[in-house]
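Okay, here's what each chain looks like letter by letter:
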Amino acid sequence: MAASEENSSLFLIFILTMIALPLVPYTLVRLYRAATQKKKTIHCRCSECSRSGKYRKSIYKRISNFSTYTNLTILLLWVIMVILVYYIKHISREVQPFEPYNILGLEPGASESDIKKSYRRLSILYHPDKNPDPEAHKYFVEFISKAYQALTDPVSRENYEKYGHPDGRQGLKMGIALPQFLLNIDGASGGVLLLGIVGVCILLPLMIAVIYLSRSSKYTGNYVMHQTLSTYYYFMKPSLAPSKVMDVFIKAAEYMEMPVRRSDDEPLQKLFVAVRSELNLDLKNIRTEQAKFWKQHPSLVKMELLVQAHLTREPITLSPPLQRDYKHMLELAPRLLEELMKIALLPRNPHGHGWLRPAIGVVELSQNIIQAVPLSAKKATAGNSEGIAPLLQLPHITEATVKKIVRKKVRTLQELRDMKVEERAELLTQTGGLSAAEAQDIELVLEMIPTLTLDVTCETEGEEGGIQEGDVVTMYAWVSLKRGNGLTAALPHTPYFPFNKEENFWVLLADPVSNGVWLSQKLSFVDETAAITAASKAIQETKEALGASAKEIGVAVREAVEKVKSGCRLVMAQGCKAEPCRDEGGPCGGRRRAAAAAAAEDGNEEEEEEEEEEYDDDYESEYSDDEEDDQKKKKGGSKAAAANGSSRGHQNGAAASGSEDEGDDE
């Protein structure tokens, strides 16, 4: 019995050691990081974002922030460790070494008469004939009788006094750090052990595999349904206009599976009346157009009305079920738009390039949804090819406010940013009719808007006379970000989007004339560690391929790390073949101009550092009434448009100021 308890104790000590070895240092590291980490406010601090409640740290949010899987796992492991320590100490107290003198209450070396007197005294207390208690009987048999026998037998007593054990010298005793039921495989314990082995080694992996396969057969790694990707792929066309991207977006299987209830009819009818002007209905045949709209699949009608209600910021009261559908629609939107963007960029044309036109439309729709700005706000106005969408992203700015400040010749967000603080405050308060507090909110948001700068370098191996047609070129594009408030990573101004949204940028190397995208990459300025690792690895591999020395590679990697820490991100393209330039100037020594677009996926309109070149006229005129303008093309040009608030559009999540650098792609 003592041996089995000792084995159980060894097993618990083994488990305790295995838990403590990684847990203690990991906990200390996390506590040190938590104590030394400086808390920065990276979200927008305007009153609209504050009222949205997304960043309010209530007691429930504090608990939810702590209740991460990692923290709960650490806490659970510490609780298990405390229980194990207590249980091991309890077993150690129960498993006492055999001490006959102590059991009989005698001093070592006591005489035989004293041993007999003590034995008779204890017999009166614990003998079964005197004490019917089963525990007393057990103690008398296992301890008192054995102690008396060990001290009254001359050989046993001599062995105990000489070797510490009544049986004499003991051999080396080994313990097994396993629980007793694993060592005793007879009877019921054997069945329990067999069931445990079958359950853990066979049934549990089988269940996990079945669950994983059933889920993976329906969803992608980004938790988007495979059926959605098939639908998006089918409806994605190279000529898909930005204004038509909405029609493809709402066909997602996740949206089509949302229930359409009879109780939704009346609220949806009200939504239709409120957003009818945004549905591109032919006013000359309004009745026919309305009937055609309502004949669509009910889920499509519901989703389009909910999206348009969000874009137009309609304050219509929705029923609780419809409100849940509305929030679920917005929650799914970023993932679905990201997958839609990837499908637009799939290399499907004869040259293996993606399609620029639908990609720009996806970015613009993403910006509109995150910022809750109507699609019609992109319609070009006098003196402003981008429409009023960028200005509507600012807090407290409405169409009426824009009309007032336009009278003062301030038509674009860039013109508003270029003004002095005092002049801007005077314009917003006296002309725009805003209060001083509202003007201050606008200043806070303008400080969050980043300025993007694109620095492109091209090189090729073993060419001294410049890059010629047909050369294999490696392109390095460093995208740097600056903000007025000094932050690099920040959460965008998104008061109408009920969920936290990171600021993301899409960098596109494309040709507006051929509608081709040669290179695309999504950038984030939040995770600096991942950016350092990616940039270092890319620079090292490229330099090694070009035959650089170890010293040159080390210098290049260190420079890349410093750039990333200063707020830059690297975009690389390897294996590009230089082609002849197609500008009206004719051949240009193997150089060609391309459109390098850094498009803000979520955020405010970016600040432009250089005079911005427009997209093709057809991109710009999707929201105008002139259908013929959709077919006009601008001449090719190299352009960097900010993607997190695209250079020409507003962002859907982040205040992004983008630079448009006109560098040649060599």
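Residues numbered from 1 in each chain as written. Predicted model: local features only at pLDDT ≥ 70, side-chain atom pairs only at ≥ 80, totals over all residues. Heavy atoms only, no water.

1. Quick word on the overall build of the chain
Then step 1. Check the secondary structure of the chain and you find 26 helices and seven strands.
Then step 2. The burial tally for the chain puts 43% of its 666 residues in the buried class.
Then step 3. Within the chain, counting contacts between residues at least 6 apart in sequence, those at least 24 apart form 72% of the total.
Then step 4. Counting only carbon and sulfur atoms, one obtains 56% of the accessible surface of the chain, whose full area is about 35900 Å². (Helix = DSSP H or I, 4+ residues; strand = E, 2+ residues; numbered from the N terminus. Buried < 20%, exposed > 50% of the residue type's maximum accessible area, 1.4 Å probe, protein only. Contact = heavy atoms within 4.5 Å. Areas by Shrake-Rupley, 256 points an atom, 1.4 Å probe, with all protein chains shown as cover.)

2. Considering the packing of aromatic side chains
Then step 1. Under the counting rule described, the total for this entry stands at 10 aromatic pairs.
Then step 2. With 5.1 Å between their ring centres and 55° between their planes, tyrosine 126 and tyrosine 139 make a pair best called tilted. Here the residue tyrosine 126 occupies a position in helix H6 (residues 112-126), and tyrosine 139 occupies one in helix H7 (residues 134-152), the gap between them amounting to 13 residues.
Then step 3. Through a chain of ring-to-ring contacts, the aromatic side chains of Tyr119, Phe140 and Tyr148 assemble into a single cluster.
Then step 4. The ring of tyrosine 234 has lysine 237 sitting right over it, with the charged end atom 5.5 Å from the ring centre.
Then step 5. Over the aromatic face of phenylalanine 235 sits the side chain of lysine 251, whose NZ or CZ is 5.0 Å from the ring centroid. (Phe/Tyr/Trp six-rings, centres within 6.5 Å; stacked < 30°, edge-to-face > 60°. Lys NZ or Arg CZ within 6 Å of the ring centre and 35° of its normal.)

3. Digging into the environment of tyrosine 326
Then step 1. Residue placement: tyrosine 326 occurs in helix H17 (residues 320-344).
Then step 2. Counting along the chain gives 16 residues from tyrosine 326 to histidine 310, while the straight-line C-alpha distance between them is 8.6 Å.
Then step 3. Apart from the residues within four sequence positions on either side, tyrosine 326 is in contact with Leu306, His310 and Leu318.
Then step 4. Within the local environment of tyrosine 326, its side chain forms a polar contact with the side chain of histidine 310, the two groups lying 2.9 Å apart. (Polar contact = N/O pair within 3.5 Å; in protein donor to acceptor, adjacent residues only side chain to side chain.)

4. Focus: the side chain of glutamate 338
Then step 1. Take glutamate 338: it is sitting in helix H17.
Then step 2. Not counting the four nearest positions on each side in its chain, glutamate 338 is found in contact with Asn222 and Lys522.

5. Some words on the pattern of salt bridges
Pairing between side chains becomes possible if they bear opposite charge and their charged atoms approach one another.
Then step 1. In total, this model carries 10 salt bridges according to the counting rule given.
Then step 2. Residues aspartate 325 and lysine 302 are paired through a salt bridge, measuring 2.5 Å at the closest nitrogen-oxygen approach. Here lysine 302 lies in helix H16 (residues 298-311) and aspartate 325 lies in helix H17, a separation of 23 residues in the sequence. Both residues of the pair, aspartate 325 and lysine 302, count as buried.
Then step 3. The residue glutamate 338 makes a salt bridge to lysine 342 at a minimum N-O spacing of 3.7 Å. Of the two residues, glutamate 338 and lysine 342 both sit in helix H17, four residues apart, roughly one turn of that helix.
Then step 4. Exposure remark for glutamate 338: the relative accessible area of 18% places this residue in the buried category.
Then step 5. A relative accessible area of 38% means that lysine 342 is categorised as partly exposed. (Salt bridge = Lys/Arg side-chain N within 4 Å of Asp/Glu carboxyl O.)

6. Some words on the UniProt feature "transmembrane region" (unreviewed entry) in the chain
Then step 1. UniProt tags residues 12-32, 66-88 and 192-213 as "transmembrane region" (unreviewed entry).
Then step 2. Strand forms 0% of residues 12-32 and helix 100%; the C-alpha atoms that close the span are 30 Å apart. (UniProt positions renumbered as here; feature names shortened; annotations may be inferred.)

7. What about the environment of isoleucine 74?
Then step 1. Positionally, isoleucine 74 belongs in helix H4 (residues 69-94).
Then step 2. For isoleucine 74, a relative accessible area of 12% gives the class buried.
Then step 3. On a C-alpha basis, the gap between isoleucine 74 and tyrosine 26 in space is 9.1 Å, while along the polypeptide they are 48 residues apart.

8. Observations concerning the environment of methionine 81
Then step 1. Along the chain, methionine 81 falls in helix H4.
Then step 2. Taking the C-alpha atoms as reference points, methionine 81 and threonine 17, 64 residues apart in sequence, are found 9.2 Å from one another.
Then step 3. Setting aside anything within four residues of it in sequence, one finds methionine 81 in contact with Leu16, Ile19, Ala20 and Leu23.

9. Quick notes on the pairing of strand S5 (residues 516-524)
Then step 1. Bridge count for strand S1 (residues 354-355) against S5 is two bridges, and the pairing is antiparallel. Bridging across to S5, tryptophan 355 finds its partner in glycine 516.
Then step 2. Linking two consecutive strands that pair antiparallel, namely strand S4 (residues 504-511) and S5, is a turn of four residues; a positive phi of about 65° is found at asparagine 515 within it. (Pairing = 2+ DSSP bridges.)

10. Thoughts on the pairing of strand S3 (residues 472-483)
Then step 1. The buried fraction of S3 is high, at 10 of 12 residues.
Then step 2. Pairing analysis gives 10 bridges linking strand S2 (residues 450-459) to S3, with the strands arranged antiparallel. From the neighbouring strand, cysteine 458 faces S3, where its bridge partner is methionine 475.

11. Looking at the packing of H6 against H7
Then step 1. It is the contact of H6 with H7, at a shortest axis distance of 11 Å, that shows an interaxial angle of 170°. On the basis of their axis angle, the class for H6 and H7 is roughly antiparallel. Contacts between H6 and H7 involve Ile115, Lys116, Tyr119, Leu122, Ser123 and Tyr126 from the first element and Ala136, His137, Tyr139, Phe140, Ile144, Ser145, Tyr148, Leu151 and Thr152 from the second.
Then step 2. Looking at side-chain class alone, the contact of H6 with H7 contains 10 nonpolar, four polar and one charged residues. (Axes fitted to C-alpha atoms, helices over the stretch in contact; angles between N-to-C directions. Parallel < 35°, antiparallel > 145°, perpendicular 65-115°, else oblique. Nonpolar A, V, L, I, M, F, W, Y, C, P; charged D, E, K, R; others polar.)

12. Quick notes on the nonpolar core
A general trend in soluble globular proteins is that nonpolar side chains are found buried together.
Then step 1. Counting 56 residues, the largest nonpolar core has Phe249, Tyr255, Leu305 and Met329 as its most contacted members.
Then step 2. Contributions of two or more residues to this core are made by helix H12 (245-249), helix H14 (265-275), H16, H17, helix H18 (356-371) and S4.
Then step 3. Considering every element that reaches this core, the biggest residue donor is H17, with 12 residues.
Then step 4. What methionine 329 contacts, discounting residues up to four positions off in sequence, is Tyr255, Met258, Met303, Leu306 and Val307.
Then step 5. Grouped together as the second largest cluster of nonpolar side chains are 25 residues, Leu391, Leu413, Leu427 and Ile449 included. (Core = buried A, V, L, I, M, F, W, Y, C linked by side-chain atoms within 4.5 Å.)

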